[in-house]
Amino acid sequence: MADRSARRIAEFIEPLRVKPGSAVDLAEDFDPRYKAHLTKPEGVELLKTGVALLAEYQARLAAQDTYGVLLCLQALDAGGKDGTIRHVMSGVNPQGVKVSSFKVPSAEELDHDYLWRYARRLPARGDIAIFNRSHYEEVLVVRVHPQVLDRQRLPGAPHGKALWKRRYREINDWERYLTDNGFKVVKVFLNLSKEEQRARFLKRIDLPEKNWKFSAADVRERRHWDEYQEAFSEMLSATSTTWAPWYVVPADRKWFARICAAAVLAHTLMEIDPQYPTVGAEVREELRAARRELEAEAPKGAPADPFEADHPGTGPGRPQ
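Structural notes, computed from the coordinates. Keep in mind that this is a model prediction, so the values were computed, not measured.

## Some points on a nonpolar patch on the surface
Step number 1: On the surface, V279, V283 and L287 cluster together into a nonpolar patch covering about 230 Å² of accessible area.
Step number 2: Tracing the chain through its elements places V283 in helix α14 (residues 281-296).

Structural data, given as structure tokens:
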């Protein structure tokens, strides 16, 4: 059953994967309205299944305490990052998940290398960390707005294509290092069309309860649409690797984007296939002793082991 589910998920997300070494033209290669012939009601049910699957595998990830998972979410404004996080992670244990958002770097962060502030938010083993925007801002926003680069005070650093090529290499090397040390890097780009972004911005203006989400800066940033599309295309081409591939998720339909993000994360966890630890003979004998003591405390008329009484055949067997 698990193998069949893993194959179905792998087949579902394969069209979204950026093949390592390929040259991406975002506008030509990925349709923001693609939905894999699914209807919304079918999608809602699939998301429920995906959320349940994530909850199961997250519990095993935490119990094994060997691997950590980093989910990087990138998108333009109104791309749906917050909603994706909220819906996809709705069933997991919040103690094992930490979400970090990265805004304008502070003075302290600017006094360090550009990856420093991201490295501080990496997951521990057994945990999932989500970057709501990520270290890829350093080749996106910084590229579109070079004045941000000036504040980083790089000593004698080259500008232009040579700088971005160097950063792609540094990021790939960093992600390879993380992967080699047991921290899986999952990268999802929510691909929103220009028209859908316009509609979502207007909705934020029209609905009073959404006014707080709107910023005039978002419209100013929209003026750089073509520059961002070029930066995204080059980033996807240069940094989709065998150890940390990019997945371009169609984001015009929120329900479908959430299914895709859940599937990509589930695929990673199923590849890790974390297992609950098994205990040795000494610990098992301690469990038997504890069980005998607890069963002896059962009130008159109550089952010695209420769980076993309700779930016969699921326990480890009677102590000898």
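## Side note on the sheet that holds strand β5 (residues 246-250)
In a beta sheet, neighbouring strands are held together by backbone hydrogen bonds and run either parallel or antiparallel to one another.
Step number 1: Spatially, 5 strands are ordered β2-β3-β1-β4-β5 in an open sheet, and the strand pairing comes out parallel. The outermost strands of the open sheet, each flanked by one partner alone, are β2 (97-101) and β5. Direction aside, neighbouring strands of the sheet carry axes that sit 20 degrees apart on average.
Step number 2: Where strand β1 (residues 68-75) lies against strand β3 (residues 128-132), 5 bridges are found, and the strand directions are parallel. By the bridge assignment for β3, L71 is matched with I130.
Step number 3: The strands that helix α12 (residues 225-239) touches are β1, β4 (183-191) and β5; relative to β5, the one it contacts most, it runs at about 140 degrees.

## Let's talk about the pattern of salt bridges
Step number 1: One pass over the full model with this rule turns up 23 salt bridges.
Step number 2: Here D273 makes a salt bridge to R60, at a shortest N to O gap of 2.8 Å. Of this pair, D273 sits in the loop between α13 (254-272) and α14 while R60 sits in helix α3 (residues 40-64); the two residues are 213 residues apart in sequence, bridging distant segments of the chain.
Step number 3: Between R143 and E230 there is a salt bridge, with its nearest N and O atoms 3.9 Å apart. In this pair, R143 is assigned in helix α7 (residues 141-144) and E230 in helix α12, connecting sequence segments 87 residues apart.
Step number 4: Residue R143 is classed as buried on the basis of its relative accessible area, which comes to 18%.
Step number 5: If you follow the salt bridges from partner to partner, you end up with R291, E295, D305 and E308 in one network.

## A look at the packing of α3 against α13
Step number 1: The N-to-C vectors of α3 and α13 enclose an angle of 30 degrees; their axes lie 9 Å apart at closest approach. Considering the angle they form, α3 stands roughly parallel to α13. The hand of the α3/α13 crossing is left-handed. Residues K40, G43, L46, L47, L53, L54, Y57 and L61 of α3 touch α13, and the partners they reach there are W255, R258, I259, A262, L265, A266, L269, M270 and I272.

## A short note on the packing of helix α4 (residues 81-88) against α13
Axes are the key here: two packed helices are described by the angle between their axes and the distance separating the axes.
Step number 1: Where α4 contacts α13, the axes come no closer than 9 Å and their chain directions differ by 60 degrees. By the angle between their axes, α4 is oblique relative to α13. Viewed along their axes, α4 and α13 form a crossing whose handedness is right-handed. On α13, the residues touching G83, T84, H87 and V88 of α4 are R258, A261 and A262.

What counts and what doesn't
Residues numbered from 1 in each chain as written. Predicted model: local features only at pLDDT ≥ 70, side-chain atom pairs only at ≥ 80, totals over all residues. Heavy atoms only, no water. Patch = residues over 30% accessible without salt bridge, like charges linked within 9 Å, V, L, I, M, F, W, Y side chains within 5 Å. Areas by Shrake-Rupley, 256 points an atom, 1.4 Å probe, with all protein chains shown as cover. Salt bridge = Lys/Arg side-chain N within 4 Å of Asp/Glu carboxyl O. Helix = DSSP H or I, 4+ residues; strand = E, 2+ residues; numbered from the N terminus. Pairing = 2+ DSSP bridges. Axes fitted to C-alpha atoms, helices over the stretch in contact; angles between N-to-C directions. Contact = heavy atoms within 4.5 Å. Buried < 20%, exposed > 50% of the residue type's maximum accessible area, 1.4 Å probe, protein only. Parallel < 35°, antiparallel > 145°, perpendicular 65-115°, else oblique. Left-handed = near helix turned anticlockwise from the far one by under 90°.

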